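# Coordinates in review
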Amino acid sequence: MNSEICLNSLWKIYGGSADSAIKQLQSGLDPLDLYQRTGLRAAVRDVSLEIQTGEIFVVMGLSGSGKSTLLRLLNGLVRPCLGEVRIQGRQLSSLSPMELNKLRREQMGMVFQSFALFPHRTVIDNAAFGLEVAGVSRPERRDLALKALERVGLGDECRKHPHQLSGGMQQRVGLARALALDPPILLMDEAFSALDPLIRSDMQELLLELQAERQRTIVFISHDLDEAIRLGDRIALMQDGQVLQCGTAQSLLSDPASPAVRHFFRDIDSAAVLDVAAIAAMPSCLLVNAAGPSAALDAFVGDPVYVLDESKRLRGVRTISNGWIEADQLATLRAGTRVRDAMPLVASLAYPPPVVDREGCFLGVITPRLLLRSLEVNV
C-alpha cells in the first residue's frame, strides 16, 4: 500500500519566535513551562506520520491536543514552523499559492463540524459549490451534485434550503458537497460531533458504506474514542501536541505504548475492539493434507479434528457427535470479526468455530476459554 500523505517532524508554535522554543522543547522543557515563561504555545510537536492510500485514518485526542492544527497543517491552511508535509509525493512548502489551491480543489474534500452551508442557497446549490469554484459548467455541476446528494440519501431534498433540514441532513449536504468533487482525499474535522448520538451513529455508518463503495484516503479528526474505534483503520492518539501512539485500535488496546495510552482505553469494551484473528489458537487436533472422512481419520484420537489441504484451507471437521462436516457446511468466523460479534456463534456450536482469512486460509479456532481470556486485556 502506498503512502498518500506523509508528515515529517512537524512543529507548530504559536505566539512568537519558534526556533528558540523548539530547541528548548527538544531539550526536554515541558510545554506548560514554556507557555508560562514565554507565552509560546506548542500546538504540534515533532509529529511524523504516513497515511496510506485508501485508509480511514483517525486523529484522536481531547480538546487542545493539537489534532485540528495537524489537519490544517496537512491541507496547507497553516504553515509548519519546522518539518514538511507531502501530499501524493508533492511537498506543500514548494507549491505556489495557485498550485496549493489547485491541489486542495482537485485532490481534497473538506467536511466541517459546523456544516458551513450557505443559508441563501438551495441544497443542490450548496452541494455544487465546490464544483462551481472549480469552474465546472452549471448543467454538469448540478448533475454531479444531484448524484452526490442521492448517494447520501438527500436526492428528494435538493430544492430545499438548509434551515428546512435537520442537523443530520445538513451534515449530509456538507458530505455531498465534498463527494461531488470526487476527491481522492477527504478531510473531516470533528464532522459528526455536533450531532445527537443516533444521528451521529447513522452518519458513521453512511461514511463506512461510502468508503466500501469507493475507497478514499480519509483523515478524520475526533475527540470520541468510540467513534475512532468504529471508523478508523488506524488511529493516531494525540496529547499536548504529540502523537502518543499510532496503530490499529486493537494494537493500542492490547499493547499500549505508555500509561497515558492505557488510560485512554480504560473504559473501552475490549470485545468491541479485538479481532478474532488476534486471539485464534491452533487446535490440538490438526491434520494437514489428509484425507477427508476416511478410516484413518476416524482412527485419529481427538475431538474435534480439523483437516486442511496442502494450501492450508479448511477441508472439514470431524466431531464425535456430528461426524464429518464438509468445509462448506461449517460455521466459520472471518478475520476482522470482533470478539463481541463472535460470542453467539462460539456459544452455540458443538465445536470451536474456525477462523479463516480473506483467502480462506485457516488461522485457528476460537474457544470459550479464549474469549474469556481476551476480555481481561484491559482489566
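Along each chain, residues carry numbers from 1 onward, in the same order as the chain's sequence is written. Only residues with pLDDT of at least 70 get local features here, since the model is predicted, and only at 80 or more are side-chain atom pairs given and counted; chain-wide, interface and lining totals rely on the full set of residues. Side-chain numbers come from the whole structure's heavy atoms, not from hydrogens or water.

Once that is clear, we can look at the confidence of the model for the chain. When the pLDDT values of the chain are averaged, the result is 89; 96% of them are 70 or greater. Within the chain, the element-level pLDDT minimum falls on helix α14 (residues 295-298), averaging 58, and the maximum on strand β3 (residues 56-60), averaging 96. For every residue, the predictor states its confidence as a pLDDT score lying anywhere from 0 to 100. Secondary structure elements are taken from DSSP: a helix is a run of H or I of four residues or more, a strand is a run of E of two residues or more, and numbering for both begins at the N terminus.

Before going further, it helps to spend a moment on empty space enclosed by the protein. Cavity means a closed set of points on a 1 Å grid over the protein atoms alone, one where a 1.4 Å probe fits but cannot get out, pocket means an open set with protein on both sides within 12 Å along at least 5 of 7 lines, and lining means a residue has an atom within 4 Å of a point. Grid points are joined across faces, edges and corners, and a volume is the space filled by probe spheres set on the points. Applying the stated criterion to the full structure yields two cavities of 30 Å³ or more. Size it by volume and the largest cavity reaches roughly 70 Å³. Around the largest cavity, the lining residues are Leu73, Gly76, Val78, Arg79, Pro80, Gly83, Glu84, Val85, Leu92 and Ser93. Ranked by the residues each element gives to the lining of the largest cavity, the list is headed by strand β4 (residues 82-87), at three residues. The classification used treats Ala, Val, Leu, Ile, Met, Phe, Trp, Tyr, Cys and Pro as nonpolar, Asp, Glu, Lys and Arg as charged, and all other residues, Gly among them, as polar. Residue composition of the lining of the largest cavity, grouped by class: five nonpolar, three polar and two charged. Space inside the second largest cavity adds up to approximately 30 Å³. In terms of lining residues, the second largest cavity is bounded by Leu179, Leu186, Leu207, Leu210, Gln211, Arg214, Arg216 and Ile218. Ranked by residues supplied to the lining of the second largest cavity, first place goes to helix α9 (residues 197-213) with three residues. Residue composition of the lining of the second largest cavity, by class: five nonpolar, one polar and two charged.

Right, let's talk about α9 for a bit. The end-to-end C-alpha distance of α9 is 25 Å, a good match for the 24 Å that 17 residues give at a rise of 1.5 Å each. All buried positions along α9 are accounted for by Arg200, Met203, Gln204, Leu206, Leu207, Leu210 and Gln211. Here the buried residues of α9 occupy an arc of 160° about the axis, which is enough to place them on one side. Along α9, exposed side chains directed more than 90 degrees from the buried face belong to Leu198, Ala212 and Glu213. Contacts are assigned to residue pairs that have any heavy atoms within 4.5 Å of one another. The inward-facing, buried residues of α9 abut β3, α7 (138-151), α8 (167-180), β7 (185-189), β8 (217-222) and α10 (225-231). Residues adjacent in sequence count toward polar contacts only when both atoms are side-chain atoms; beyond that, a polar contact is any pair of N or O atoms within 3.5 Å, and within protein one must be able to donate a hydrogen and the other to accept it. One side-chain oxygen at the N-terminal end of α9 lies 3.2 Å from the backbone nitrogen of Leu198; it belongs to Asp196. For a helix, the expected span equals 1.5 Å multiplied by the residue count minus one. Classification of residues uses two cut-offs on accessible area relative to the type maximum, computed with a 1.4 Å probe and protein chains only: under 20% is buried, over 50% is exposed, and between them is partly exposed. This arc corresponds to the set of directions leading from the helix axis out to the C-beta atoms.

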